[in-house]
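What follows is the residue order along each chain.
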Amino acid sequence: MSQQLDFTPKVRGEIMKQHKTTIDSKAEQIISLGLLKKVNDNAYICRPLPGNSTPRTLIRNVMNGSWSCDCQGFKASKNCSHKVALERQLRERNPEQLTYF
Ligand SMILES: [Zn+2]
C-alpha cells in the first residue's frame, strides 16, 4: 500500500508563498551583509551566508540579460535568494559600489 503525496492547490500555494518569503529574507541578509562581490560585468560571487559553506557563482546570460546561479534552489525553481539579491542590488545601487576582489 502506497501513500501518495497530494497537495491541494491551497496547500501548494502556501508552500510557494513560504518559499518566496524565504528567498526574500535571505536576499535581504545577503544585501545587508554585503556578500555579493563583482568579478566582472557578467559574473558575481555570493559569499556564503552564516551557517553555509559554499560560495555561489552568478553568471549573466549575455543574450537576454538574465542571471543564473549554481545553487540547488536555482536548479529546482529558476529562482534563488542569490539571484534576487543581485538583481535588487544592481537595481537599487550603483553596481560600481560593489567591492571588487
Ligand atoms: Zn543561488
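Throughout what follows, the structure given in this document is the object of discussion.

Cut-offs and rules
Residues numbered from 1 in each chain as written. Predicted model: local features only at pLDDT ≥ 70, side-chain atom pairs only at ≥ 80, totals over all residues. Helix = DSSP H or I, 4+ residues; strand = E, 2+ residues; numbered from the N terminus. Buried ≥ 20, exposed ≤ 12 C-beta atoms within 10 Å, placed from the backbone. Contact = placed C-beta atoms within 7 Å. Pairing = 2+ DSSP bridges. Core = buried A, V, L, I, M, F, W, Y, C linked by C-beta atoms within 7 Å.

### Looking at the overall build of the protein chain
- Scanning the protein chain from N- to C-terminus turns up three helices and four strands.
- Taken from the N to the C terminus, the helices and strands of the protein chain come in the order α-β-β-β-β-α-α.
- Per-residue burial over the protein chain gives 17% buried out of 101 residues.
- Of the contacts formed within the protein chain by residues at least 6 apart in sequence, a portion of 38% connects residues at least 24 apart.

### Let's talk about the pairing of strand S3 (residues 56–60)
- With four bridges joining them, strand S2 (residues 43–46) and S3 adopt antiparallel strand pairing. Its bridge partner being in S3, Ile45 is matched across the sheet by Thr57.
- Two elements, S3 and strand S4 (residues 67–69), share three bridges in a ladder whose sense is antiparallel. Counterpart to Ile59 in the pairing with S4 is Ser68.

### Some points on the nonpolar core
- In terms of nonpolar packing, the biggest core is built from twelve residues, these being Ala27, Ile30, Leu35, Leu36, Tyr44, Cys46, Leu58, Cys69, Cys80, Val84, Ala85 and Leu86.
- Mapped by element, the contributors of at least two residues to this core are helix H1 (9–33), S2 and helix H3 (81–92).
- Top contributing element to this core by residue count: H3, with three residues.
- Not counting residues within four places of it along the chain, the set of residues in contact with Tyr44 comprises Leu36, Lys37, Lys38, Val39, Leu58 and Leu86.

### Quick look at the environment of Cys46
- Along the chain, the position of Cys46 falls in strand S2.
- Taking C-alpha positions, Cys46 is 7.9 Å from Ile30, a pair spaced 16 residues apart along the chain.
- Those residues in contact with Cys46 that lie beyond four places of it in its chain are Ile30, Leu35, Leu36, Pro55, Arg56, Leu58 and His82.

Honestly, it's all geometry; don't read function into it.
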